[in-house]
Every structure is written in structure tokens, then in C-alpha cells.
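Reading the structure
Single-letter residue listing:
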Amino acid sequence: MFHESHELLRTRLHSREPAGESVRRQLQLVQPERAQSSQILRFITCGSVDDGKSTLIGRMLKDLGLVPEDTWENVLAESERRNFTRVKPDYSLLLDGLLIEREQGITVDVAWRYFTTSKRKFIVADCPGHEHYTRNMVTGASHCDAALVLVDARKGLLPQTRRHLAVVAMMRVRSVLVVVNKMDLVHWDRACFDKIRLAVTECASQMGLAEVTVIPVSAVDGGNVVQEAPDALWYKGYTVLQALETLPGRRHQGVPFRLVAQWINRPDQDFRGISGQVIGAPVNVGDSIQVLPSNAQARVQRICTFDGDLQHAHPGQAVTVVLDSELDVARGDWLVKTVDAAPAVTNLLEANVVWMSDTPLIPGHRYDLQIGCTTVPGSVRLIQHLDVSSLKTHEAARLHCNDVGRCEIVLERPVPIDSYVDSIETGGLIFVDRKTFRTEGAGMATPAARREVVWHETTVDRNARAAIKGHPPQVVWLTGLSGVGKSTIANALEARLNAVGVHTMLLDGDNIRHGLNRDLGFTQADRIENIRRIGEMANLMLNAGLVVITAFISPFRDDRQLVRGLVREGEFLEVFVDAPLAVCEARDPKGLYKRARAGQIPDFTGVSHPYEPPLKPELRIDTSLASVAESVQAILTSLKAKGFRV
């Protein structure tokens with residue numbers, strides 16, 4: 001998730017920073033080492049209640065010789081008071097720092113620890129296992145590159161274990177290590193381990209987790225934690241420590257350069273810079289930059305840091321970028337390179353959601369969505385709830401606290417966003433209650449559409465309007481691929497008709513999705529519904545006596561035929577605006593083909609989604625051969641044959 005969203009989640013969900021100033025200083029020392037992130041593994045421990053997460057990490061720290069002698073003596077003394085022995089003390093006391101945790105023997109908050117071995121540095125988040133604290137687990141996972149999920153060998157995969165696996169899968173945690181703990185209590189039974197390993201493999205496969213390692217362990221005895229277990233000679237794999245030392249580190253982001261403006265740095269009238277963290281790829285002095293969502297452009301004049309100016313800045317560095325011209329840049333705007341495929345700027349998202357509030361997530365309810373440094377109002381519509389026991393999804397009216405699911409989010413204005421699959425920093429969002437300002441849930445987004453604004457009116461009687469206007473009503477339906485020229489021809493046609501007194505209304509495919517069809521995406525079902533609604537609206541405008549000009553891709557023949565069936569005979573003029581795909585892609589005025597080829601737009605017509613050309617259109621225009629004026633004249637000729645004086 002976004003860097004700033006991490007901080008918001010951390011403070012709002014009350015997760016605990018590492019105990020002790022020395023540990024805080026150690027964590028601060030890690031920050032300058034972002035460039036060596038492959039040597040640092042940030043991992044989370046999770047699982048159901050009392051599976052032994054804290055005990056496992058405590059045992060590992062002790063076996064690595066990382067526990068000071070006086071601290072260990074305190075643990076031994078406290079263990080004896082809690083009916084443990086000095087031979088088998090309570091290793092969880094090394095991590096459970098809150099009084100309530102010590103009293104109940106469970107972890108209720110996120111405990112951060114830092115340790116190092118000869119091969120690697122580690123930052124570990126020990127997270128609570130109780131269902132009520134799933135939100136704390138989400139906070140920890142948002143920081144981590146790997147997850148260590150514990151399973152009690154006696155109990156197998158419990159619903160909460162499955163929920164944690166679902167969450168780490170949704171949050172794209174790169175590597176998952178499943179530790180089957182308390183093997184000593186089942187006498188290191190291989191059949192028991194194999195049964196759990198098979199269940200884990202099947203569950204992980206269904207959730208899309210690719211890298212899963214399963215290890216039999218006894219955290220209390222230390223078997224397969226740091227040293228091999230003498231009672232499990234049948235096991236030939238890694239110990240927990242060996243696995244952690246070999247897991248891949250922070251994944252590379254699958255996006256080009258981004259810088260999300262955290263604040264505008266203007267200490268005096270002579271300096272104005274845009275401050276933020278470099279994400280995705282390096283940026284250089286002289287690079288051509290585009291600001292989103294305004295699309296204004298400039299070049300990088302300086303890259304400033306606390307230690308002086310740089311010629312290059314790499315991902316993870318906090319910098320202030322100075323541009324060579326004064327552009328209107330606000331907090332939350334994005335800087336991207338003009339040579340790269342631009343991210344989606346959209347107000348429709350799909351998102352995997354972990355709901356954290358006692359107040360359920362309800363479709364239609366307005367929330368403030370924090371996306372990076374931007375806050376925009378929005379609401380959800382369709383909700384799919386994930387049953388963590390069966391791993392099946394079903395439609396739901398709401399999500400309750402600790403539920404996980406998937407929903408569609410409609411924002412009240414377009415914002416730039418990446419897919420969470422490609423970038424955890426620029427693809428995450430959080431739901432904030434507009435009244436209480438509390439964090440309600442976290443989401444991992446996928447851009448689904450881009451939208452503009454359109455105003456539409458429907459009025460009066462067909463015959464009365466037609467009599468006043470002096471011409472019959474008509475639909476001129478322009479269909480064809482993106483970039484073929486539909487909107488350009490439609491605009492020019494409307495201008496010509498208006499010049500001779502014809503009353504028109506132009507409906508454009510991009511603009512109509514803001515109002516009437518704002519709730520629709522770009523799946524095949526949504527495209528069908530999109531055209532159906534437009535056909536109904538066009539028919540209403542015919543009743544107003546207008547000439548309705550439409551510019552929609554409308555890729556399916558059946559849908560265009562449905563609209564033809566809504567209107568009277570002769571009132572539907574289908575114009576096939578045609579050109580070779582290569583010509584449309586070369587034009588690409590909105591950069592959509594480039595993004596579609598890069599896999600950023602799913603189901604894009606002409607690339608990954610089919611277009612069905614009309615079989616018998618009233619008119620076909622090849623815009624690779626005909627000019628805009630010639631195209632308009634061809635349509636006017638067809639209208640003359642219908643009695644229009646044009």
C-alpha cells in the first residue's frame with residue numbers, strides 16, 4: 001500500500017512500534033539501506049490464536065544468541081510464575097510486551113522486532129491471531145515482503161488461518177512460509193504433517209499463492225527452528241531460519257516512474273518543489289514529466305535532497321523535484337514520465353477489500369477514499385464476499401468486520417491509480433468514515449474505467465417537437481474501434497447540422513459513463529447494459545424531436561440491433577466508421593492502445609476484446625482514406641435521402 005497509507009493505518013489502528021529506544025534506533029538505521037533491500041526481509045507472523053507465533057520468534061532469537069542474559073533471566077523468572085519451567089520456559093514473553101498479552105497469553109497487537117544473522121537482516125511483525133484483531137494483521141502485512149503463517153499440528157487449517165492466507169494473498173505478499181507447529185504434541189507424525197501440507201497446498205493454489213514452503217516445527221523444543229529436528233529424520237527440507245534466509249526480498253514494482261506529491265515545498269518566493277518518494281523506476285534531471293490528472297508537462301530541472309542535489313534518484317528515495325516551468329501541482333497529483341505508458345486516471349475501481357470496522361460496508365454509502373495523498377469521496381456497488389472456509393465467493397449485501405471480499409468502487413472524480421498487482425505503493429487505498437474520520441477498511445485496487453462528465457436532458461412529445469423543429473427525428477449511430485475518428489466526425493457533423501437549423505444532441509461514449517451509466521464497468525455484461533441504456537435514452541430524445549448523434553464503440557452486433565429495434569422504422573442510421581487496426585493504434589489520441597498492449601486495460605476492444613463489424617450498415621466510411629469533411633458529407637447525403645434539408 002502507499003507509504004503514507006501505511007502511516008495512517010499504523011496510527012489509526014493503534015498498532016505498536018517496537019518496544020525500547022534501542023530497537024527504534026535500530027529500525028531507523030534500516031531506512032538508509034533501502035538500496036540494499038534484497039539483504040533485508042520484512043516478514044509477518046500470523047495464524048490462529050495460540051498457534052505459537054510469539055513462541056516461535058522468541059525461540060529463534062534465543063537460539064541465535066540474540067537475547068541479552070539479563071533479559072533471559074527475567075523471562076525465566078516470569079515463566080516460573082506462570083507455571084512453566086526453566087527447561088521449557090515461555091519464549092513468547094520475549095515478544096508479548098503488553099500487560100493484557102502477558103495476562104491472557106495471547107498477542108493482541110502488532111509487535112515489531114529487528115534482528116540480524118550472518119546472512120541477512122530481518123524486520124518481523126508478530127501479529128495477533130484472534131479474529132477480532134484481523135485489522136492489526138492487515139497493518140503488519142502492508143509493510144512486509146513475506147508471511148510466516150503458523151498452523152497447529154493438532155488442529156490443521158482453521159478458518160482464521162485461511163483468513164490470514166486470504167489476506168496475504170490479496171495484499172500480494174511475495175512469499176509465504178507455512179510452519180506446522182507443535183509437531184512434538186503429535187509425536188512428529190509424518191502422516192499428520194503430509195495431510196496438513198496437502199491442505200495448505202490446495203488452499204494456497206486456490207488463492208493464487210505461488211511461493212509456499214511448508215515446514216514441520218516444534219517451537220518449544222526448537223526442532224527445525226534454527227537447528228534440525230532429531231525426531232524428524234524423514235524431513236529433508238529447510239529449517240525456518242534457512243527458509244527465511246533464502247526467501248526473495250522486496251519485490252520490484254511493475255510500474256514505470258511515479259512520484260506522488262506529498263507536499264509542495266515553497267520555503268520562499270524563489271523556490272518551488274514537489275516533494276515525494278520515487279516509486280517504480282529512477283528519475284533523471286532533464287526527464288520530460290507529465291502531471292496527472294491535469295496532463296500538464298514540463299522537464300525536471302533539479303532533484304533536491306537534504307544532502308544536496310542529485311542527477312539521478314532511485315526508487316525508495318525521498319526527494320524534492322523542481323520543474324522548469326510553473327505548473328499547477330497539488331498534493332496527491334502524480335508525476336510520471338511522458339515517454340512511459342500513463343497510469344489509469346479513472347473514477348471506477350475494482351478492489352479486494354478487508355473490512356476493519358464494526359460498522360459494515362454497505363453499497364451506496366459515501367466514504368472518503370484515501371488513495372496515496374489524495375482523498376476523494378466515493379461509494380461501493382457490487383460486493384462479492386469470500387467465504388474463507390470454502391474459498392468460494394458469493395454476492396453479499398454488505399461486508400462485516402474482518403470480512404474479506406471484492407467490490408466495485410465509484411469515485412466522485414477521476415484520480416490516477418495503478419493496479420495493486422503492479423505496485424503496492426500506488427495501488428492501495430483505505431476507507432475513511434466521513435463523519436468520524438476513522439479508518440474503516442483497506443483495499444487493493446484495480447483500475448476499471450475512465451470517465452468524463454456529460455449532461456443529458458429528456459423532454460416532451462415527439463410530434464410536437466418535430467413540428468416545431470421542421471425536421472423528423474433521427475438517430476445517427478457511429479460505431480467503430482477506438483481511435484477510428486467517431487467523435488471527431490460526430491462533432492463536425494453536429495456543427496454542420498446546427499449551422500442549417502437542425503436540432504441535435506451528441507452522445508459520446510466516454511462522457512455518458514459519468515451520469516446515467518456511472519455504475520457500469522467494461523465487462524461484456526456491463527458493455528451490453530451500457531448500450532441498452534443508451535438506446536433507451538436515444539429513443540427518449542427522438543421523442544423530443546431531436547437528431548441524436550452517437551459515438552460509441554458498441555462492439556456487439558446484437559446490441560446495435562437491440563437499439564435499432566427500440567426506434568421506429570427508418571429512424572436508425574448505422575454508420576460504420578472503419579479503418580485498419582494499425583491506423584487506429586498509430587493515432588491512439590488517448591494512449592489507450594499503448595496501455596492495453598502493456599496489459600493495463602483489460603478487455604480493450606481490438607486488442608484483448610472482440611469487435612463485431614456491422615454486416616449491413618446504412619453507410620460505411622473508411623477514415624484511412626476519407627477526410628473528416630468527406631466523411632461528414634457522406635452522412636449528409638444519407639440524411640438528404642431521408643428528407644432533411646441539409
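Residues numbered from 1 in each chain as written. Predicted model: local features only at pLDDT ≥ 70, side-chain atom pairs only at ≥ 80, totals over all residues. Heavy atoms only, no water.

Turning to the pairing of strand β19 (residues 374-387), a few remarks are in order. Of all 14 residues in β19, ten are buried, a share of seventy percent or more. As judged from the five bridges shared by strand β18 (residues 367-371) and β19, these two strands associate in the antiparallel manner. Bridge assignment links D368 to a residue of β19, and that residue is P377. As judged from the six bridges shared by β19 and strand β21 (residues 404-417), these two strands associate in the antiparallel manner. Bridge pairing in β21 places G378 opposite L411. The pairing of β19 with strand β20 (residues 392-395) spans four bridges and is classified as antiparallel. Each bridged residue has a counterpart across the sheet, and for Q384 the counterpart in β20 is E395. (Buried < 20%, exposed > 50% of the residue type's maximum accessible area, 1.4 Å probe, protein only. Helix = DSSP H or I, 4+ residues; strand = E, 2+ residues; numbered from the N terminus. Pairing = 2+ DSSP bridges.)

Membership of the largest hydrophobic core comes to 82 residues, with the highest contact counts inside it found for F43, L148, V240 and L244. When residues in this core are grouped by element, the largest group, seven residues, is from helix α8 (residues 190-207). Apart from residues lying up to four places away in sequence, L148 is in contact with F43, I44, T45, C46, L56, L177, V179, V240 and L244. Ranked by size, the runner-up nonpolar core spans 32 residues in total, among them V484, V547, A596 and L636. (Core = buried A, V, L, I, M, F, W, Y, C linked by side-chain atoms within 4.5 Å. Contact = heavy atoms within 4.5 Å.)

The next thing to look at is the packing of aromatic side chains. In total, this model carries 13 aromatic pairs according to the counting rule given. Relative to W234, the ring of F193 has its centre 5.7 Å away and its plane inclined at 45 degrees; by these criteria the two rings are tilted. Linking F193 in helix α8 with W234 in the loop between β6 (212-216) and α9 (240-246), this pair joins segments that are 41 residues apart in sequence. What makes W234 partly exposed here is its relative accessible area of 21%. Through pairs of rings, three or more aromatic residues link up here, namely F43, F115 and F122. (Phe/Tyr/Trp six-rings, centres within 6.5 Å; stacked < 30°, edge-to-face > 60°.)

Quick look at the packing of helix α11 (residues 486-499) against helix α16 (residues 628-640) now. Running from N to C, α11 and α16 cross one another at 55 degrees; their axes reach a closest spacing of 9 Å. On the basis of the axis angle, α11 is oblique to α16. The interaxial crossing formed by α11 with α16 has right-handed handedness. Within the contact between the two elements, α11 uses T488, I489, A492, L493, R496 and L497 and α16 uses V628, S631, V632, Q633, I635, L636 and L639. Residues belonging to the contact of α11 with α16 are distributed by class as follows: nine nonpolar, three polar and one charged. (Axes fitted to C-alpha atoms, helices over the stretch in contact; angles between N-to-C directions. Parallel < 35°, antiparallel > 145°, perpendicular 65-115°, else oblique. Left-handed = near helix turned anticlockwise from the far one by under 90°. Nonpolar A, V, L, I, M, F, W, Y, C, P; charged D, E, K, R; others polar.)

Quick look at the sheet that holds strand β26 (residues 547-551) now. One open sheet holds the five strands; their spatial order is β25-β26-β24-β27-β28, and the pairing between them is parallel. Either end of the sheet is taken by a strand with one partner, and the two such strands are β25 (504-508) and β28 (619-622). The average angle at which neighbouring strand axes cross in this sheet is 15 degrees, direction not considered. Bridge count for β25 against β26 is five bridges, and the pairing is parallel. Paired with D508 across the strands is A551, a residue of β26. α16 contacts β24 (474-479), β27 (572-578) and β28 of the sheet and is inclined by roughly 170 degrees relative to β28.

Here the focus is the pattern of salt bridges. What the rule picks out here adds up to 22 salt bridges. Close ionic contact of R272 with E326 constitutes a salt bridge, the shortest N to O distance being 3.9 Å. With R272 in strand β9 (residues 271-279) and E326 in the loop between β15 (318-323) and β16 (334-337), this residue pair connects regions lying 54 residues apart in the sequence. A relative accessible area of 59% places E326 in the exposed class. A salt bridge links D622 to R620, with the nearest nitrogen and oxygen atoms 3.9 Å apart. Salt bridges linked by common partners bring R560, R564, E574 and E618 together as one network. (Salt bridge = Lys/Arg side-chain N within 4 Å of Asp/Glu carboxyl O.)

Another point: the pairing of β21. With respect to burial, β21 is a largely interior element, ten of its 14 residues being buried. Inspection of the sheet shows strand β17 (residues 344-355) paired to β21 by ten bridges, in the antiparallel sense. Within β21, the position partnered with L349 by the bridge is I409.

The subject of this paragraph is unusual backbone geometry. Cis rather than trans, the peptide bond between L292 and P293 has omega equal to 10 degrees. The phi angle at N402 is positive, at roughly 75 degrees, despite the residue not being glycine. Mapping N402 onto the fold places it in the loop between β20 and β21.

The predicted model of the protein chain has a mean per-residue pLDDT of 82, with 85% of residues at 70 or higher. Counting interchain partners and residues more than four positions distant, the pLDDT-below-50 stretch residues 97-108 has 28 contacts. Counted against residues more than four places away or in other chains, residues 449-458, with its pLDDT under 50, gives 39 contacts. (pLDDT = per-residue confidence, 0-100.)

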